[in-house]
Amino acid sequence: MTSAPGVVVLVSGRGSNLQALLDAHQRGELPVRFRAVISNRPGAPALERAAAAGIATETVDHRGFEDQGAFDRALMTAIDRHAPDLIVLAGFMRILGDGFIAHYRDRLLNIHPSLLPEFRGLHTHRRAIEAGVREHGATVHFVTAELDGGPAVLQARVPVHPEDDAERLAERVRAREHRIYPLAVRWFAEGRLRFDGTTVFFDGEPLEQPLVDPPESRDALVT
Ligand code: GAR
């Protein structure tokens, strides 16, 4: 990647992580070109955020396709028109098929609201409270065919307080998501973060454990 890498963002809903990426870009902290924001849900608020930032938006409504394969193919066609170097899943709430994932094998990032491998899947905050864990968080990971099972790159940890309900905990986690996702995308854009389909490399070294974003010392990770 010689110039700023092209990024397509996939969304389904509110788009607060998309907004964090757009804000980081606006501040000059994210050396990428946003090529398009694509939603599987018509009218997703995330699309308005993209449009307000002057980014092309598209919708590929999953309900219009008879099976997973047909949806995947339509989504790939929409994405590939923009020839992105990186695809960022930002609250994209559809399962993607193996063919799709293989097609973007080394350039598909997701953020998941738990400390993976804990609490894969949905309703992570409620499940964390029910499980009585003291610590919860979020994980940026490369996507592989195993649902929420791809290698973790960067995690943020938050405490779980006794008085938390799922929404309060979600808010605490989301605030940290908004820090770690732009950071991981920036690393990818700078060539510091790479995935070969099997191993994640950070600054050229295999990453054995996810990096952990310390709550109060952003500078420790932004070098
Ligand atoms: C975020 O908390 C993200 O981690 C989660 O959805 C939320 C989207 O919020 N993603 C998943 O659960 C993926 N399985 P946003 O639309 O405001 O960014």
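For the structure itself, consult the block above.
Summary of the structure given here. (Residues numbered from 1 in each chain as written. Predicted model: local features only at pLDDT ≥ 70, side-chain atom pairs only at ≥ 80, totals over all residues. Heavy atoms only, no water.)

### A word on unusual backbone geometry
1) Next: Residue Pro-117 is reached from Leu-116 by a cis peptide bond, and omega for that bond is 15 degrees.
2) Next: Relative to the helices and strands, Pro-117 resides in the loop between strand S5 (108-112) and helix H5 (124-131).
3) Next: Backbone geometry at Ala-83 places phi at a positive 45 degrees, although glycine is not the residue there.
4) Next: Here Ala-83 shows up in the loop between helix H3 (68-80) and strand S4 (86-89).
5) Next: Despite not being glycine, Phe-119 has its phi angle at roughly 50 degrees, a positive value.
6) Next: Topologically, Phe-119 is positioned in the loop between S5 and H5. (Helix = DSSP H or I, 4+ residues; strand = E, 2+ residues; numbered from the N terminus.)

### Focus: the site of the ligand
1) Next: If you check the shell around the ligand, you find Arg-14, Gly-15, Ser-16, Asn-17, Gly-91, Met-93, Ile-111, His-112, Pro-113 and Glu-177 and nothing else.
2) Next: Interatomic distance of 3.1 Å between a side-chain N/O atom of Arg-14 and an oxygen atom of the ligand.
3) Next: A distance of 2.9 Å is found between an oxygen atom of the ligand and a side-chain nitrogen or oxygen belonging to Glu-177.
4) Next: Relative to its unbound accessible area of 450 Å², the ligand is 88% covered by the protein chains.
5) Next: Class assignment of the residues belonging to the shell around the ligand gives a composition of 3 nonpolar, 5 polar and 2 charged. (Near = heavy atom within 4 Å. Polar contact = N/O pair within 3.5 Å; in protein donor to acceptor, adjacent residues only side chain to side chain. Areas by Shrake-Rupley, 256 points an atom, 1.4 Å probe, with all protein chains shown as cover. Nonpolar A, V, L, I, M, F, W, Y, C, P; charged D, E, K, R; others polar.)

### Quick notes on the pairing of strand S6 (residues 135-142)
1) Next: By the criterion of burial, S6 is predominantly enclosed, with 7 of the 8 residues buried.
2) Next: Taken together, the 4 bridges between S5 and S6 define a ladder with antiparallel strand orientation. For Ile-111, the partnering residue across the bridge sits in S6 and is Val-140.
3) Next: Taken together, the 7 bridges between S6 and strand S7 (residues 152-159) define a ladder with antiparallel strand orientation. Looking at the pairing, His-136 lines up with Val-158 of S7. (Buried < 20%, exposed > 50% of the residue type's maximum accessible area, 1.4 Å probe, protein only. Pairing = 2+ DSSP bridges.)

### Structural notes on the packing of H5 against helix H6 (residues 166-189)
A packed helix pair is summarised by two numbers, namely the angle formed by the two axes and the spacing between the axes.
1) Next: In contact at an axis separation of 9 Å, H5 and H6 are set at 115 degrees when each is read in the N-to-C sense. Judged on the interaxial angle alone, H6 and H5 are roughly perpendicular. For H5 against H6, the interelement crossing comes out right-handed. Contact with H5, carried on its side by His-125, Arg-126, Ala-128 and Ile-129, involves Ala-166, Leu-169, Ala-170 and Val-173 of H6 and no other residues of that element.
2) Next: Classifying every residue of the contact of H5 with H6 gives 6 nonpolar, 1 polar and 1 charged. (Axes fitted to C-alpha atoms, helices over the stretch in contact; angles between N-to-C directions. Parallel < 35°, antiparallel > 145°, perpendicular 65-115°, else oblique. Left-handed = near helix turned anticlockwise from the far one by under 90°. Contact = heavy atoms within 4.5 Å.)

### Remarks on the packing of aromatic side chains
1) Next: As enumerated under the stated definition, the model contains 5 aromatic pairs in all.
2) Next: Measuring from ring centre to ring centre gives 6.4 Å for Phe-142 and Phe-188, while their planes differ by 55 degrees; the resulting arrangement is tilted. Of this pair, Phe-142 sits in strand S6 while Phe-188 sits in helix H6; the two residues are 46 residues apart in sequence, bridging distant segments of the chain. Note on accessibility: Phe-142 and Phe-188 belong to one class, buried.
3) Next: Between Phe-142 and Phe-195, the ring centres sit 4.8 Å apart and the planes meet at 20 degrees, which makes this aromatic pair stacked. Of the two residues, Phe-142 is situated in strand S6 and Phe-195 in strand S8 (residues 193-195); the sequence distance between them amounts to 53 residues. For the residue pair Phe-142 and Phe-195, the accessibility class agrees, reading buried in each case.
4) Next: Three or more aromatic residues joined by ring pairs form one cluster here, namely Phe-142, Phe-188 and Phe-195.
5) Next: The ring of Phe-201 carries the charged tip of Arg-194 above its face, separated from the ring centre by 4.6 Å. (Phe/Tyr/Trp six-rings, centres within 6.5 Å; stacked < 30°, edge-to-face > 60°. Lys NZ or Arg CZ within 6 Å of the ring centre and 35° of its normal.)

### Observations regarding the sheet that holds S8
1) Next: The 3 strands are arranged S8-S9-S10 in an open sheet whose pairing can be described as antiparallel. The strands lining the two open edges of the sheet, one partner per strand, are S8 and strand S10 (205-206).
2) Next: The sheet contact formed by S8 and strand S9 (residues 200-202) spans 3 bridges and is antiparallel. Among the inter-strand pairings, Phe-195 is bridged to a residue of S9, identified as Val-200.

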